[in-house]
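Letter by letter, the chains look like this.
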Amino acid sequence: MKAKHKLRQVIDSLYCRGQVTNEEAYTRLVLQCARAGDVEEAKRLEAHMELHSYQPTNTFLENRLLHLYAKAGKLSYARNLFDKMPKRDIFSWNAMLSAYAKSGSIEDLKAVFSQMPFRDSVSYNTVIAGFASKSCSHEALEIFLRMQEDGFEPSDYTHVSALNACAQLLDLRRGKQIHGKIVVRNLGGNAFVWNSLTDMYAKCGEIDKARWLFNQMNNKNVVSWNLMISGYLRNGQPGKCIDLFHEMQVLGLRPDDVTVSNVLAAYFQIGCIDEADKLFCVIREKDKVCWTTMIVGYAQHGKEEDALRLFGEMLLEDVRPDCFTVSSVVSSCAKLATLHHGQVVHGKAVLLGVDDDLQVSSALVDMYCKCGVTNDAQIAFNMMSVRNVVSWNSMINGYAQNGQDLEALNLYEKMLQENLKPDGFTFVAVLCACIHTGLFEHGQTYFNSISELHGLTPSLDHYACMVNLLGRSGEIDKAVDLIKSMPHGPNSLIWSTLLSVCAVKGDIKHGEMAARCLFELEPLNAGPYIMLSNMYAACGRWEEVASIRSLMKNKNAKKFAAYSWIEIDNKVHKFVSEDRTHPETEIIYKELRRLIKKLQEAGFTPNTKLVLHDVREEDKFESICYHSEKLALAFGLIKRPHGVTPIRIMKNIRVCGDCHVFMKFVSKIIGRPIIVRDSNRFHHFEGGKCSCKDYW
Ligand code: ZN
Ligand code: ZN
C-alpha cells in the first residue's frame, strides 16, 4: 500500500512538471506500476498517453500494460487496449489469451485463439490450461494434440493440464499415451507431473499402477499422499487409505485437511466409527470438509443423534455448513422423525441462506412428511423456486404415507400437467395411494402406464404394489397370475407381500404357497413362520401351528428386534417390548395399566389370538400389553398429559394388530390424536379411527 502511494506521488509530480511525454519515461513508469501491482495507476498512465496523443514506437509498452491487466483480472481494460493497438505481436495475443483463461470465459478464449495469426508454445499452453481448469477436457485434449501436430513441444506444465483432462474424462488410453511420451522424452522430473500421473491412474481405476508410480516417486509432497489416499478411497479400498495414513505418521509427515477428511471417510467405510471419532477429536483446526464428513458419516451409519449433536457443535465453532451438510442433517431429523430438531435446522438453513437449495428444500419436504406434518411439507414444497422429480416424489410419497391418498394422486396429475417425467419412485407412491383408497382400477391403469406411456420397466416394487392391490380387492388368483408372469421371476418381497395380503383375507391356500417360498428364500427370517402360524391359529388349526413352531425352532429362525421411540424435550427415548430399563419404568407401567383398565371398561379386549398358542392366557396378556409402542405412548402421556398436539411415536417394524386397535381406542378416550410411524407408513389415529383405514 505504502509503495503504491509513493509511486502515485512521484507520477503526480512528473505529470505536473510535464516530464512524462517520452517513451523512456512512460516505459519506466509502467514497469514501476507492474512491480507495485498498481493496475489503476497503470490505467491512468494509459489515459495520459491517449490525452497527449502519444503513440509508442513498438509494442513493448502496450504489452506490459496488457500483461498487468491480465494478471489483475481486469478483462475490460485488457480488451479495450488490445482492440486499440495498431500493431499486435505474439506477446499481445498471448497476454489476451491468458486474460481470458484466467477469467474462465471459455467462449472468448476460443475466439481469440482461432483469430491468432501466429502461435507459439505459450499460446497452446495457456489455452490448454484454460480449458482444463474449466472442465472443458475434450477441448483441452484436442488443442494438446494440435499443438504437437503443429510441431510444438509440450512442457511439464502442458502435460499436467492434459493428464488432468484425461483423469476427468476417465480416458485411460490417452492418459497412457501421454505417460509413454513423458517416459520416452525423459521428462517429468517435477512432482506436479508425477502427481498428475498418479491421480490419472487412480481416477481411471488403475490403482495398482498409481501405487507403483507413488513408490517410484522420490519427491513426494503432501499432495502426492492425498492423491494416493483419495485414490484408494475412490477405488473402494478404505483399509489401504488408513495404512497410508499410518505410514505418513510414522514418517513424521503432517497431514492436512484433505488427508484427514479422506481418512475419516475411510474409517466410516469400514465401519470404524470409534476410530473416526478419535481422529476427529485430535484435529485442532477442523475445516468445513472435516465436519461435513463426520456428520454425513454418522447419518449414514444410523447415528442420527450424533449427526445432530455434531451439527450443533459445528455452528458453535463458527464453521459455516454448506448445503450438503445441512441436507444431511435434515435427513437425520427425518429418520428420527424429530419435528422439533427439524424445525430448528430449518431455521438455521434460512439464516445460512441455503433453504432454497434444491437438495436442502427437498430434504425439508421429506422431513416434514416423515414427521407427519404434511401441511408444513406442502408449504416448504410451494416455497421451492426450483423443483425436480425428487422434490415431487417426496411430496407425493409424503401424502401417500400419511393417508392423504387423494392429495397424492392429485399432485401426481399436477406433476404430469407441468410436463415432468415421473420415475420409478413416483409410481411406487402413486400405487400405494391407490391401495389405501381402494382405487383398484386406477391402480391397474397407473401400473400399465409405467411401460406403455412412460417407457419405464416396472420394478419389483411396482409388482409388489400390484400384488397387494389385487389381493386387497379380493383377486388373489389374479395376483398369483401376475407373479407367474413376472419377466425375471418373484423375490422374497413379492412373496411376503402375497403372504400378508393372504393373512388379511384369510386365504390359507395361497398363504401356505407364499410362506413355503419364503422358507426357502429366507430360512432364518422368523417373520413368515409367525405369520403363517398366526393364520392357522386364527382358524383354530392348532396342529399346524405346532408343526410350524417346531420348523421355526429347527431352522433357528430369528425375529427382528422390535422397538419404538418417542421424542420428549429434545431427547429420544427408546423402548423394546416389556422394557424395564427406562429410569421411569414404574410410572410408565402404572400409566399403561391405568389406560388398559379404562379401555377395558370401554369394551376393549386385548387380541391375544395373535400370540402363539402354547403360552398361558395371562402371559399372552402380559406380553401383548407391554409392546414397545404402548410403553412409548404411556411415557408420552405422562410427559405431555395436557394439550391437543398429537403424541408421535416411531416404530422400526410394522405396528401389530392389537396395538393398532389399542391406539384407536386411546385416541378416542383421551380425545387426542396419536401418530405412529412404523416401518411401512404413518398411522394418524383420531377419534377412534386410523388414516390407514386398517390396511397396513
Ligand atoms: Zn403391538
Ligand atoms: Zn393404521
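Residues numbered from 1 in each chain as written. Chains lettered and ligands numbered in written order. Predicted model: local features only at pLDDT ≥ 70, side-chain atom pairs only at ≥ 80, totals over all residues. Heavy atoms only, no water.

## Observations concerning the confidence of the model for the chain
Phase 1: Averaged over the chain, the pLDDT score is 87; the fraction of residues at 70 or greater is 95%.
Phase 2: Low pLDDT, under 50, characterises residues 611-617; the stretch is placed with 13 contacts to residues that sit more than four places away or in other chains. (pLDDT = per-residue confidence, 0-100. Contact = heavy atoms within 4.5 Å.)

## Let's talk about the domain arrangement of the chain
Phase 1: What the domain assignment lists for the chain is domain 1 (414-554) and domain 2 (564-690).
Phase 2: In this structure, domain 1 and domain 2 have C-alpha centres spaced 28 Å apart. (Domains from an automatic or database assignment.)

## Re empty space enclosed by the protein
Phase 1: A complete count under the given rule lists one cavity of 30 Å³ or more for this structure.
Phase 2: One number sums up the size of the largest cavity: a volume of about 40 Å³.
Phase 3: Around the largest cavity sit A337, K370, C371, R648, I649, M650, I675, R677 and F682, which together line it.
Phase 4: Mapped onto the lining of the largest cavity, the elements with two or more residues apiece are β3 (647-651) and β4 (674-677). (1 Å grid on protein atoms, 1.4 Å probe; cavity = no way out; pocket = protein on both sides within 12 Å on 5 of 7 lines; lining within 4 Å. Points joined across faces, edges and corners; volume = space filled by probe spheres on them. Helix = DSSP H or I, 4+ residues; strand = E, 2+ residues; numbered from the N terminus.)

## Concerning the pairing of strand β1 (residues 563-568)
Phase 1: Burial analysis of β1 places five of its six residues in the buried class, the great majority of the element.
Phase 2: Bridge analysis of β1 against strand β2 (residues 571-576) gives six bridges, and the strand direction is antiparallel. Each bridged residue has a counterpart across the sheet, and for Y563 the counterpart in β2 is V576.
Phase 3: Counting the residues between successive antiparallel strands, the hairpin from β1 to β2 contains two residues, one of them, D569, with a positive phi of roughly 50°.
Phase 4: Alignment of β1 against β3, held across two bridges, turns out to be antiparallel. Considered in β3, the bridge of S564 is made with K651. (Buried < 20%, exposed > 50% of the residue type's maximum accessible area, 1.4 Å probe, protein only. Pairing = 2+ DSSP bridges.)

## What to know about unusual backbone geometry
Phase 1: Residue S53 is not a glycine yet carries a positive backbone phi of 45°.
Phase 2: Here S53 lies in the loop between α3 (39-51) and α4 (60-71).
Phase 3: According to the relative accessible area criterion, S53 is exposed, its value standing at 62%.

## Topic: the layout of surface pockets
Phase 1: Taken as a whole, the second largest pocket spans an internal volume of roughly 500 Å³.
Phase 2: Forming the boundary of the second largest pocket are 25 residues, of which K335, L336, W565, K651 and R677 lie nearest the centre.
Phase 3: Listing elements by their share of the lining of the second largest pocket, those giving two or more residues are α19 (304-316), α20 (323-336), α22 (358-370), α24 (389-401), β1 and β2.
Phase 4: Among the elements that make up the lining of the second largest pocket, the one with the highest residue count is α24 (four residues).

## Focus on the pairing of β3
Phase 1: For β3, a buried count of five out of five residues is recorded, marking the element as mostly surrounded by other parts of the structure.
Phase 2: Judged by which residues are buried, β3 turns out to be covered on both faces: I647, I649 and K651 on one side and R648 and M650 on the other are all buried.
Phase 3: Pairing between β3 and β4: four bridges, direction parallel. Bridge pairing in β4 links M650 to R677.

## With respect to the packing of helix α6 (residues 90-103) against helix α7 (residues 106-115)
Phase 1: For the pair α6 and α7, the least separation of the axes is 9 Å and the interaxial angle reads 165°. It follows that α6 is roughly antiparallel to α7 by the angle criterion. Crossing hand, α6 versus α7: left-handed. In this structure, α6 uses W93, M96, L97, Y100 and A101 to contact α7, whose residues at the interface are D108, L109, V112, F113 and Q115. (Axes fitted to C-alpha atoms, helices over the stretch in contact; angles between N-to-C directions. Parallel < 35°, antiparallel > 145°, perpendicular 65-115°, else oblique. Left-handed = near helix turned anticlockwise from the far one by under 90°.)

## Some details on the coordination of the zinc ion (ligand 1)
Phase 1: Taken together, the protein donors to the zinc ion (ligand 1) comprise H627 (ND1), C656 (SG) and C659 (SG), at separations of 2.0 to 2.3 Å.
Phase 2: Along the chain, the residues that donate to the zinc ion (ligand 1) are spaced as H-x28-C-x2-C. Pair noted here: H627 is in the loop between α35 (617-625) and α36 (628-639) and C656 is in the loop between β3 and α37 (657-669), with a separation of 29 residues, a long-range link. For the residue pair H627 and C656, the accessibility class agrees, reading buried in each case. (Donors = N, O, S within 2.8 Å, 3.2 Å for Na, K, Ca; no water.)

## Re the sheet that holds β3
Phase 1: Here six strands make up an open sheet; going across it, the order is β2-β1-β3-β4-β5-β6 and the pairing mixed. The two strands at the open ends of the sheet, each matched to only one other strand, are β2 and β6 (689-690).
Phase 2: Here α36 sits on the sheet in contact with β1, β2, β3 and β4, set at roughly 15° to β1.

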